[in-house]
Amino acid sequence: MAQPKRSQLTIRLVVVALWLALVIPGGIQLAAHRNYKETIVLGPGVTEVRKLSDWAPYIEGTTNDCNIYVLDSGVPGGTMLVIGGTHPEEPAGVLSAVTIVENVVPKVGKILVAVRANKSASTVTRPGDAYPQFYTIPTDFGDRKFRMGDRWSNPLDSWPDPEVYVHYPSGQMLAYMDVRNLNRTWPGRPDGMLTERTTRAFIDLINAENVDIFIDNHEAELEYSVISTIVAHQDAADIAAMASMMLSAMEFPMGMEYSPLLLHGLSHREVGDHTDALALEIEVPEPFLDRVRGITDEALLLEGKDEFVMRAGKAGLLYEKIDENGWHIDERVGRTNSTIKMIVEMYNEFYPDRQIQFEGLPTRDEVVAYGVGRYLLNPAQVGANRVVQD
Amino acid sequence: MQTVQTVIGFLYYVIAAVIGLVIIANFMRTRDAKKMLLYAVVLIPFVLRVLRIK
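Quick caveat: nothing in here was measured; it's all calculated off a predicted structure. (Residues numbered from 1 in each chain as written. Chains lettered and ligands numbered in written order. Predicted model: local features only at pLDDT ≥ 70, side-chain atom pairs only at ≥ 80, totals over all residues.)

A. Here's a closer look at the overall build of chain A. Per the secondary structure count, chain A includes 10 helices and 16 strands. The globule rule puts the C-alpha radius of gyration for 390 residues at 21 Å, and the 22 Å found for chain A is close to it. Overall size of chain A, expressed as C-alpha extent along the three principal axes, is 85 × 50 × 50 Å. In chain A, which comprises 390 residues, the proportion classed as buried is 50%. (Helix = DSSP H or I, 4+ residues; strand = E, 2+ residues; numbered from the N terminus. Rg over C-alpha atoms; globule rule 2.2 N^0.38 Å. Buried ≥ 20, exposed ≤ 12 C-beta atoms within 10 Å, placed from the backbone.)

B. Representation of the overall build of chain B. Looking only at helices and strands, chain B features two helices and zero strands. Since a compact globule built from 54 residues should have a radius of gyration of about 10 Å, the 14 Å found for chain B marks it as more spread out than a globular shape. When the backbone C-alpha atoms are referred to their principal axes, chain B occupies close to 45 × 20 × 10 Å. Taken across its 54 residues, chain B has 11% of its residues classed as buried.

C. Inspection of the packing of helix H5 (residues 237-250) of chain A against helix H9 (residues 329-350) of chain A at higher detail. Residues and elements named next belong to chain A. Contact pair H5 / H9: the axes reach a minimum separation of 9 Å and the direction vectors enclose 125°. Put simply, H5 runs oblique to H9. Relative to H9, the crossing made by H5 is right-handed. Mapping the contact onto sequence places Asp238, Ile239, Met242, Ala243, Met246 and Leu247 in H5 and Ser338, Thr339, Met342, Ile343, Met346, Tyr347 and Phe350 in H9. Residues belonging to the contact of H5 with H9 are distributed by class as follows: 10 nonpolar, two polar and one charged. (Axes fitted to C-alpha atoms, helices over the stretch in contact; angles between N-to-C directions. Parallel < 35°, antiparallel > 145°, perpendicular 65-115°, else oblique. Left-handed = near helix turned anticlockwise from the far one by under 90°. Contact = placed C-beta atoms within 7 Å. Nonpolar A, V, L, I, M, F, W, Y, C, P; charged D, E, K, R; others polar.)

D. Just the nonpolar core, in detail. All names here are of chain A. Within the largest apolar cluster, 85 residues are counted, with the highest numbers of intra-cluster contacts made by Val101, Val113, Ile213, Phe214, Leu280 and Ile343. At eight residues, H9 tops the list of elements feeding residues into this core. Excluding its chain neighbours within four sequence positions, the residues that come into contact with Leu280 are Phe214, Ile215, Ile230, Val231, Ala232, Ala236, Ala240, His268 and Ile343. Counting residues in each nonpolar core, the second largest holds seven residues, with Met310, Leu318, Ile322 and Trp327 among its members. (Core = buried A, V, L, I, M, F, W, Y, C linked by C-beta atoms within 7 Å.)

E. Structural detail: the confidence of the model for chain B. Overall, the prediction assigns chain B a mean pLDDT of 96, with 100% of residues at 70 or greater. Model confidence for the complex: the whole-complex pTM is 0.96, and ipTM, which rates the interface, is 0.94. (pLDDT = per-residue confidence, 0-100.)

F. Seen up close, the interface of chain A and chain B. Contacts between the two partners involve 18 residues from chain A, matched on the other side by 18 residues from chain B. Looking at the side of chain A that touches chain B residue by residue, the classes come out as 12 nonpolar, four polar and two charged.

G. Layout of the sheet that holds strand S13 (residues 255-258) of chain A. Residue and element names in this part refer to chain A. Spatially, S2-S3-S6-S4-S11-S14-S12-S13 is the arrangement adopted by the eight strands of the open sheet, whose pairing is mixed. The sheet is open, and its two edges are formed by strand S2 (48-51) and S13, each paired on a single side. Neighbouring strand axes in the sheet, compared pairwise and without regard to direction, differ in orientation by 25° on average. Judged from the four bridges that link them, strand S4 (residues 79-83) and strand S11 (residues 213-220) form a sheet pairing that is parallel. Note on S11: the bridge partner recorded for Ile83 is Asp216. Against the sheet, helix H2 (residues 91-103) makes contact with strand S3 (67-72), S4, strand S6 (110-114), S11 and strand S14 (278-285), and its axis sits at roughly 140° relative to S11, the strand it touches most. (Pairing = 2+ DSSP bridges.)

H. Examining the packing of H2(A) against H9(A) more closely. All names here are of chain A. It is at 9 Å that the axes of H2 and H9 come closest, and there the two elements cross at 60°. Looking at the two axes, H2 sits oblique to H9. Remark: the crossing between H2 and H9 carries right-handed chirality. Contact residues: Pro91, Ala92, Gly93, Leu95, Ser96 and Thr99 in H2; Ile329, Arg332, Val333, Thr336 and Asn337 in H9.

I. A look at the environment of A:Thr339. Residue and element names in this part refer to chain A. Among the structural elements, Thr339 can be located in helix H9. The exposure class assigned to Thr339 is buried, which follows from the 29 C-beta atoms found within 10 Å. In contact with Thr339, not counting residues within four places along its chain, are Ile230, Ala243, Leu247, Met254 and Ile282.

J. The environment of A:Ala240, seen in detail. Residues and elements named next belong to chain A. As for its position among the elements, Ala240 is in helix H5. Separated by 16 residues in sequence, Ala240 and Met256 place their C-alpha atoms 6.3 Å apart. Ignoring sequence-local partners within four residues, the contact set of Ala240 consists of Ile230, Ala232, Met256 and Leu280.

K. Quick peek at the environment of A:Val231. All names here are of chain A. Mapped onto the elements, Val231 comes out in strand S12 (residues 229-232). Along the primary structure Val231 and Ala279 are separated by 48 residues, whereas in three dimensions their C-alpha atoms are 8.5 Å apart. The contact partners of Val231, leaving out residues within four places of it in the chain, are Val226, Glu257, Ser259, His268, Leu280, Glu281 and Glu283.

Shown next as structure tokens:
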């Protein structure tokens, strides 16, 4: 409906004012999240902090040139690479990697850790899904703040997506947005899209460092069948099966599944096929990711309690149990850590000539008893040269 | 391949900017208050993308 000329001007000015009032504060929040620097304290076992581009110059200068934390015992042995943050919306995988960096002391062999394997995906969330931008973990010295992320790389770093993502080198056709999914672009290529370049950089690292075990930390929604399990490349199946049996007998139920032979782009498939490393993926439950969830806030992210997911469980629609206790972040981080520890113990049984031994990784019982915050170090209590931004 | 990606990416930013300018022009031209609001809302994602905020 057309308005008189004078009131038109007034309305136009009001709309512009409202627009600015909405866009400026919102834009500042989004920019602050994108540019946030996460603090990581170097634990007693960290001997060096390198960049992914040290192994792959073609990733230098990009958002995904992440830190690689080196924990070298100095004693010859095997090498393990653990990556968190393949999907930064799965915080237990990230926090597990942080607890390794801040607590583990290697005794034999070398451990490499990427806390944020897909840094670009850490710089964006899903406002449409009401994701919180940050979450905090309580500690004795106050809260440690971490950045929530998304499943896919930030479109600001990789745009546009193709109509159909054709996986390299298999030629398999995948969903368009999965060209930004770090767990669909393995083994990658040095001249591909950003996420493909990132996975290729990790492949180059794995080959250059003769990595023996590669572990990719994940979480999964309870509506998804691949949950509470170790997914293993066929070369790592013996280790995964033994770890699954030992964990299920002694600590908590943990399954084991073979990496599908014909589904390409996944870390456990392609790292196993394109390198000599034994490739495994860990999946623990995260109700925050379930589509049937209710209020999507930091409490759900950390406590994993949701009445609607519980109702779906009662209706038999889920692949993992859930009760009023939910799936707390301590439980999820603890299970991830215990699984890593058990995988390494089983690896040592199978490969005694390439041992990897370490101390200090908090296991499930410890993390549940004391909280993951107990295993995060205070940046104020160490020298400035032992604090880095990731 | 990276050069092609860079060029295509740049063109997408140009397209987003042009669409944003067309929306602003329509906003300035319309006399309908509801359409003014509509154009203002539609403009937001284009501005955030061109400014590389979201």
